[in-house]
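Take a look at the letters that make up each chain.
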Amino acid sequence: MAVLTIRDVPDDVKDALARDARERGQSLQAFLLGVLRRQAAFSRNRQLLSEIESDLAEGGGAEADAPDAAALLEQARPDDPDGGAGRFGAGGVA
């Protein structure tokens, strides 16, 4: 596993993140790891959507027997280690 260091984090940002972690009963490290995992999952979703858009542009559309897109996205997602706690809501804020 990698170790990341973030420098020059403003005190008010650190305090807000620590408060959010405390409210969820997590350490700051565990909370931030969850944030990073969710961001990585969102990136994978954007990549999948880009690939789908490219495929549709080349071939027109899905056949009648095509699998459900929501089911495919659910299958492509890794297991959610926190059971969905702290998922991002409106405005991208946890």
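Before we go on, may I ask you to explain the overall build of the protein chain in this structure?
A tally of regular secondary structure across the protein chain gives three helices and zero strands. Taking all 94 residues of the protein chain together, 10% fall into the buried category. For the protein chain, long-range pairs separated by at least 24 residues make up 53% of all intrachain contacts whose partners lie at least 6 apart in sequence. Roughly 7,700 Å² of accessible area belongs to the protein chain as shown, and the carbon and sulfur atoms make up 55% of that amount.

Is there a simple way to explain helix H2 (residues 28-59) in this structure?
Each turn of an α-helix holds 3.6 residues, which means side chains three or four residues apart point in the same direction. With 32 residues, H2 extends 47 Å from end C-alpha to end C-alpha; this agrees with the ideal 46 Å at 1.5 Å per step. Considered for burial, the residues of H2 that qualify are Phe31, Gly34, Arg38 and Asn45. Its buried side turned inward, H2 meets helix H1 (11-23) and helix H3 (69-76).

I would appreciate a short explanation of the packing of H1 against H2 in the present structure.
Each pair of packed helices can be summarised by the angle the axes make with each other and by the distance between the axes. H2 packs onto H1 with a crossing angle of 95° between their chain directions and a minimal axis gap of 9 Å. On the basis of the axis angle, H1 is roughly perpendicular to H2. Touching Leu17, Ala18, Asp20 and Ala21 of H1 are Leu28, Phe31 and Leu32, all from H2.

Any chance you could explain unusual backbone geometry here in plain terms?
Excluding glycine, residues mostly have negative phi values, and the peptide bonds linking residues are mostly trans. If you check the backbone angles, aspartate 8 has positive phi at about 60° while not being a glycine. When you line up the elements, aspartate 8 lands in the segment before H1.

Would you explain a nonpolar patch on the surface in this entry?
Taken together, the side chains of Ile6, Val9 and Val13 present a nonpolar region at the surface, about 260 Å² in accessible area. Position of isoleucine 6 among the secondary structure elements: in the segment before H1.

It is not clear to me how the confidence of the model for the protein chain should be interpreted in this structure. Could you clarify?
Close reading of the predicted structure is inappropriate where its pLDDT is low. The pLDDT averaged across the protein chain works out to 82; a share of 81% of its residues lies at or above 70. Considering each helix and strand of the protein chain separately, the mean pLDDT is smallest for H3, with a value of 84, and largest for H1, with 98. For residues 88-94, every residue scores under 50 in pLDDT, and the model assigns this stretch nine contacts once sequence neighbours within four places are set aside.

Whenever I open this one, the side chain of asparagine 45 confuses me. Can you help?
Along the chain, asparagine 45 turns up in helix H2. On the basis of relative accessible area, asparagine 45 is assigned to the buried category, the value being 15%. Leave out the neighbours within four places in its chain, and asparagine 45 touches Leu73 and Arg77.

Rules and cut-offs
Residues numbered from 1 in each chain as written. Predicted model: local features only at pLDDT ≥ 70, side-chain atom pairs only at ≥ 80, totals over all residues. Heavy atoms only, no water. Helix = DSSP H or I, 4+ residues; strand = E, 2+ residues; numbered from the N terminus. Buried < 20%, exposed > 50% of the residue type's maximum accessible area, 1.4 Å probe, protein only. Contact = heavy atoms within 4.5 Å. Areas by Shrake-Rupley, 256 points an atom, 1.4 Å probe, with all protein chains shown as cover. Expected span 1.5 Å × (residues − 1). Axes fitted to C-alpha atoms, helices over the stretch in contact; angles between N-to-C directions. Parallel < 35°, antiparallel > 145°, perpendicular 65-115°, else oblique. Patch = residues over 30% accessible without salt bridge, like charges linked within 9 Å, V, L, I, M, F, W, Y side chains within 5 Å. Salt bridge = Lys/Arg side-chain N within 4 Å of Asp/Glu carboxyl O. pLDDT = per-residue confidence, 0-100.

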